[in-house]
Structure formats: structure tokens, C-alpha cells
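# Chains, contacts and geometry: an overview
Letter by letter, the chains look like this.
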Amino acid sequence: MSTSAKRQLPLWEMALVVAILAAGAWSSTLSPYYLSVDQLFGSTRAFIIPGLLALGLAVVVSLGEIDISLASIIAVGTVALSKLSAAGVPFAVAAPIVVAIGALCGAFNGLLVAKWRLPSLAVTLGTMGAFRGLAFIAGSEVGYTDFDDVYLWLGSDYVFGGVVPVSLILFALAAAGVWFLMHRTGYGRRCFSIGLNPDAAWFAGVDVVGVKIRAYALAGALAGAAALVWVGQYGSARGDNADGSILFVVTAVVLGGMDINGGRGTLSGVVLALFLLGTIRNGLGLANVGGPTQTVVLGGLLVAGVLRPAAAAAIARLSRPAKTREARAQGE
Amino acid sequence: MSEAPSVAARPGSRNLVEVVLRLREAGVVVFLVVLGLAFGLATDRFLSVQNLTTVASSAAILAIAACAQAIVLITRNLDVSVGSMMGLVAYLTADWAATHPGITPVEVVAIPLMIGTVLGAINGLLVAYGRVPALIATLGTMSLYRGFTYIYAHGQEVTSSRLPPWMLSSVDARIGGLPILILVSIAIVAVVAWLLHAYPFGRRLYAVGSNGVAAWFFGLRAERVVFFAYVACGFLCGIAGLLYAARVGTVTVVLANGWEMSSLASAVIGGVSVSGGSGTVVGAALGAVVLATIDNGLVLLRVPEFWRMFIQGAAIVAAVAVDALIAEAIRRSTGGRRR
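Residues numbered from 1 in each chain as written. Chains lettered and ligands numbered in written order. Predicted model: local features only at pLDDT ≥ 70, side-chain atom pairs only at ≥ 80, totals over all residues. Heavy atoms only, no water.

## A few points about the overall build of chain B
When you go through chain B residue by residue, the secondary structure sums to 14 helices and two strands. What you see for chain B is a C-alpha radius of gyration of 21 Å, in line with the 20 Å of a compact globule of 339 residues. Principal-axis analysis of the C-alpha atoms gives chain B an extent of 60 × 50 × 45 Å. Within the span of chain B, comprising 339 residues, buried residues form 52% of the whole. Positive and negative charge centroids in chain B, built from 22 and 15 side chains respectively, lie 9 Å apart. (Helix = DSSP H or I, 4+ residues; strand = E, 2+ residues; numbered from the N terminus. Rg over C-alpha atoms; globule rule 2.2 N^0.38 Å. Buried < 20%, exposed > 50% of the residue type's maximum accessible area, 1.4 Å probe, protein only. Lys, Arg positive; Asp, Glu negative; His and termini not counted. Charge placed at Lys NZ, Arg CZ, Asp CG, Glu CD.)

Rendered as C-alpha cells:
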């Protein structure tokens, strides 16, 4: 089982690469401007914010838990940043504070899930509403748009001859960091072991509660970083920021091959899935497909992504009896 | 004097569990009374007959949605497409009624029930037979159903003037001073509660939800039970969608947006455990009344709308924490192993 699972993963990642290339080829037939360096790099900006959330969610999902409050943590982060901006705090000080606030929100989820052993889905459903409510209460209905240019740099500026978005570099660094954490350190091993079998991990001496709280805090911190990018991209902070983006995030994580029950999956798959979804959405935009249809496509991909193992199992079931019959025939 | 063996064999711990569960629902009622008294003291208008009728009316449809959610929760699954199902059912029904002037009441009731059942069956197929985790499957269908509503509607809304007048007036009718909407809701919750209590299907829901493996060894087809739980959920969402459409009159594409959240909140507050196997639909309906009371009281107290979001979220976390404490107490008293 484990060897076949190992062999499956690179295959799935190859399939994602092929799908990205196919989606790109389809997009290039829609518009002559698609295959320009500016456009290709610029279009990545559309999925950097959900991408940062997906990196954090992937860590939480590896534990067999879920966090659907991440988009609400973005709203808390943007409103906090607007308060700091209004108070005249320099960005270099404000940015770490916002990331820390995100981490605190995440750690609160982690505390409820790990320490109090509450079901993560119900808890983060509750905090999803509570965090967004907090953001609305702390901010105002009108929102805040008077950000200083320094505050917008991270999300809006480009470097290397005005081609590569700064936020893409932030995302690349975050992705590399989380990949290293999950696949090259003992912490990552402990996360996957908890996801596979929490009891066995506990008996093996893994600090299950601590690992889980740190995973949630990491996801919250990445949501805080996403809040910084949000402010740069949209220049506004309001309680309803990033509302409803969790569908894209969960789709990316599931389509990237993370097992939603925990214990299996790779970060490279998640990043590839993000590029695939980003390319598809960009292409649908070029083809003038409306938002609702894009949502339907996204929902369909999500369902297709999770039906994949079930479909593979069904095919295996269908082919196995045939094989044994053949074997029996040969034996006779 | 021979009793059926299943009734005779009843260890003491089982009685304790039942007592605690009864207490959980009684707790919701006590909380409701305390809440009502607090709002009554804070504002003059809360305890007036007119206002209480308003609270009950707004709780009526939510109670049906909470009931639908509870059936799925009891099997240890969940359905976040409840709001989208209600929205799609309401729009398709209203659109059909608007484009077919000679529509009969039988059709107006039959169409949404059929659509709701089909939508629920799709969810059930994915979760029970496709083995897709409930959250992912219904998150997908949530966007599929809502997206389909948008595409079908082309940005149009069905205004109340295009609907047959009897459709709108029938939900506002009163029997013995009570709006018919409230009576229908109570009747539906009571029938569902009775069906779950008195028929094997209800027992199977609890069996699959509390221990799926044991239920399987016992000979229950868990897939089939879960599938029909989703079908029942879709059916009830069909009723809720129809009532909502008739109540608001003007049906837009965002109708019942976010109801997955409030239906879940109602069920959880009413003592339905998200870990499956415990809670009742009556509890879920009571949870809906609690939510409607909080909403109404906050409006009367002129609390900004954002606080509702915060309080609703905090209430879910608090209710889940209370359930965990109760489960821990039961485990300790029955000498069960801690996870």
C-alpha cells in the first residue's frame, strides 16, 4: 500500500504539470497577449493570496485536521494593518505585528482543537464567523483606504525590471520554507505521523498537542502575510475582505493530492495545483467566462479532485477479479 | 412478561447517557428562557405578543433547515450546501410559477420537493458511494448549486408581482391567531422527530453516526443510511426553500446565502454533536429558536449587525465546548478510555 502510494504521487504531480501546460496552451489560443512574460508573471498575482492560505492549510490537513477560518484571519489582519497605518506606525514594524496577530488567531484555533480536543471543522466554522465579526467590529462598515504607499509596496510593486511581482517572491519564499519544513525536518515527519495515526504518534512520544498548535499558528501567520499582500493589491481594509475565498484554497489543497484525512501528500503538489487553478481561472477570464461559471468550474474540479482516489479504487476493484480469474485459468 | 431482548438488555451507563442527553435539551430550553427574560428586561418590546410572533416566524424556516442539517450531522457527516440547495430550489420554483400562470398548488409543492430530493441525492451519492469527505463534497456542490442558480437566472430576479398571489398570501394566513408558517414548521419538525424516533431508519442514523464500524458488523449498510440521510436533508431543504421564497416574495440569486452556517449553528447549539450519533431534531429546532431570539434581541437593543456574526460564531464554539465537556463526563463515569 505504502509503496503504491509513493509511486502514485509523482505520477499525480506529472499529471498536474501536463494539465497546467494544456490549460496554458488553451489560454494562448484565446488571446495573442497571453504568452508574454509580463502577462504570465502578472497573472500569478491572482492566486498569491489564496496560495499563502493553501500552504498553511496543507500543513493543517497533513495532521488530519482542517481550518476554514483562514480567510477570516485575512480580514482581521487587514483591519489590524489599517489601525497601525492610521496610527502612523512604520511598515517594517507593522508587518511583523500583523503576522503575529494572524499567528495568534491560528494558535487560538489550535488550542481549541488540540488542547481541548474539539472537532476542528466545527471550531473553525465558529471562529470563521467570530474572526470576521471581530474584524467588522474593530474596523468600520466603511472600510479604510488611506494607506501610505510604503504599505502597498509588498502587494503592488514589481522588481527585476518591473516584471516579477514582489508578492510572487514572497510566495516563492513561503512555499520553499513550508516545503522544507514538511519534507526535510523532523517537525514535518511528526505532522504526517499524527495525520496517519494520532494514537501511534502519541505512544511514540510525539507532542501531539504542541505540533498541532504550532501548525495552526503557522497557518494563521501565513494568513497574516496574505493580509499584507491583500492591502497592497486592493488598497483597502474591511471586515468582508477575502470572504468566500476558502473554496479556492480547499480546492487547491485537495487537487494537489493532500489526503483530506491526513498523513499523505506533498507541498509540491499543492503548489502545482495552485498554478493549475490560477491558469484555468486566468484562461476563463480571457475567454470572458463570468464569475458564476468560474465558481461552477472550481466546484466541479474540487469534486473531481476528491473522487480521484475513489475512482482509482473502483478501477482496481474491477480489474482485480479479472486477474484472479486469469490466474486461476492458468493454474488449471 | 417477556420483553424484547434489545429492550431488556440495558446497562446502567446507557441510562446515564440518556439522562445527560435529556439535560442537554433541557439546558437549551433554560438558556432560551434566561435569554428571553434578559431581553425582556432590557427592552419593553421584546416580550410583546407581536414581537414573539416575529421571532417565531423567523425561526420557523431556520428550524426546518436545522432539522435537515441535524439528520446529516447525526450520521457523522455534514452538509454545507444547505443554503445553496434552498436558493436553487426557491429560484427554480419561483421562476416556474412566474412563467406558468395556471400553476396549481400541488405543483408548487411538488416541484421544490422533487428538486430538493434530487440535489440531496447528488450529495448523498458523492459522500456515501463516492467516499468523498462530507465537507469537500458539499463545499463543491455548494458552489455548483449556487453557480447554477446564477447561470440560470442571468442576473434576473423573480419579483413578487410575477408570482401567483395565493402563493404569497398562503404563508401569511393565520389559524387561531398563529401564522400558518409557524404551524407548518412545528408540524414538520414533529413529524421528522417522530419518524426518527419510531422507525428503524432513525435508529440506523444514530447507529452509523456513533460507530460506523460496529454498525457495519451489525449488518447495517452504512452507505445506504448515509445516502438516505442526504436525500432527507435535500427534501427538507426543498420545503425550506419553498417557504422562504413564498415568505420574501422577491426571489434573488443570493437567497439563503450563508444558511449553511446558521443551520449548523442552530443544530450545534441545540445539542447535535458534529462527531455524530447524538442529538435530536427537536434540539436543532430549539437551537434555531435560540438563534432567532438572539438576532431579534440584538436588533431591539440596536447592536450593530457585525456583532451577530461574532456572537453566532462564538456560540458555535461554546456549544461544541459544552458537548466535549459532557462527552468527557460520560466517558469518565462509564470508565471509557480517553481517545
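## Topic: a nonpolar patch on the surface
Together, Val191, Trp194, Leu195 and Tyr199 of chain B make up an exposed nonpolar region whose accessible area comes to about 410 Å². Among the secondary structure elements, tryptophan 194 of chain B is positioned in helix α8 (residues 180–198). (Patch = residues over 30% accessible without salt bridge, like charges linked within 9 Å, V, L, I, M, F, W, Y side chains within 5 Å. Areas by Shrake-Rupley, 256 points an atom, 1.4 Å probe, with all protein chains shown as cover. Salt bridge = Lys/Arg side-chain N within 4 Å of Asp/Glu carboxyl O.)

## What to know about the packing of aromatic side chains
One pair of aromatic rings is described through two measures. These are the centre distance and the angle between the planes. Under the defined criterion, the tally for this structure stands at 15 aromatic pairs over all chains. Summarising the aromatic geometry, the rings of tryptophan 202 of chain A and phenylalanine 203 of chain A are spaced 5.3 Å apart at their centres and angled 75 degrees between planes, so their arrangement reads as edge-to-face. We note that tryptophan 202 of chain A, like phenylalanine 203 of chain A, is exposed. Summarising the aromatic geometry, the rings of tryptophan 307 of chain B and phenylalanine 310 of chain B are spaced 5.9 Å apart at their centres and angled 90 degrees between planes, so their arrangement reads as edge-to-face. Remark: phenylalanine 310 of chain B and tryptophan 307 of chain B occur in helix α14 (residues 306–334); sequence separation between them is three residues, near one turn of the helix. Classification of tryptophan 307 of chain B by relative accessible area gives partly exposed; the value is 33%. On the accessibility criterion, phenylalanine 310 of chain B (24% relative accessible area) is partly exposed. The rings of Phe91, Tyr144, Phe147 and Tyr151 of chain A are connected pair by pair, giving a single aromatic cluster. (Phe/Tyr/Trp six-rings, centres within 6.5 Å; stacked < 30°, edge-to-face > 60°.)

## Overview of the UniProt feature "transmembrane region" (unreviewed entry) in chain B
All names here are of chain B. The positions that UniProt labels "transmembrane region" (unreviewed entry) are, in the present scheme, residues 21–42, 54–75, 82–103, 109–127, 173–196, 225–246, 267–294 and 306–330. Across residues 54–75 one finds 95% helix and 0% strand; the C-alpha atoms that close the span lie 33 Å apart. For the annotated span residues 306–330, helix accounts for 100% and strand for 0% of the residues, and the straight-line distance between the end C-alpha atoms is 37 Å. (UniProt positions renumbered as here; feature names shortened; annotations may be inferred.)

## Remarks on the interface of chain A and chain B
In this assembly, 37 residues from chain A lie in contact with 34 residues from chain B. A combined buried area of about 3,100 Å² lies between chain A and chain B, and 84% of that area is made up of carbon and sulfur atoms. Of all residues in chain A, Arg117, Leu125 and Ile137 of chain A give up the largest surface area on contact with chain B, accounting jointly for 18% of the area buried on that side. At the junction of chain A and chain B, the tally comes to zero salt bridges. (Contact = heavy atoms within 4.5 Å. Buried area = accessible area lost by both parts, 1.4 Å probe.)

## Topic: the packing of helix α7 (residues 149–156) of chain A against helix α8 (residues 166–184) of chain A
All names here are of chain A. With their axes 6 Å apart at the nearest point, α7 and α8 run at an angle of 65 degrees to one another. Between α7 and α8, the residues in contact are Trp153, Leu154 and Gly155 and Val166, Ser167 and Leu170, respectively. Taken together, the residues of the contact of α7 with α8 sort by class into four nonpolar, two polar and no charged. (Axes fitted to C-alpha atoms, helices over the stretch in contact; angles between N-to-C directions. Nonpolar A, V, L, I, M, F, W, Y, C, P; charged D, E, K, R; others polar.)

## Re the environment of asparagine 261 of chain A
All names here are of chain A. Residue placement: asparagine 261 occurs in the loop between α12 (246–255) and α13 (267–286). Residues asparagine 261 and glutamate 65, 196 residues apart in the sequence, show an inter-C-alpha distance of 7.4 Å. Among all residues touching asparagine 261, those that are not within four sequence positions of it are Gly64 and Gly195.

## With respect to α8 of chain A
Given 3.6 residues per turn, any residue in an α-helix points the same way as the ones three and four places further on. With 19 residues, α8 of chain A ought to run about 27 Å at 1.5 Å a step, and its terminal C-alpha atoms sit 26 Å apart, in line with that. Among the residues of α8 of chain A, those classed as buried are Val166, Ser167, Leu168, Phe171, Ala174, Ala175, Val178, Met182 and His183 of chain A. (Expected span 1.5 Å × (residues − 1).)

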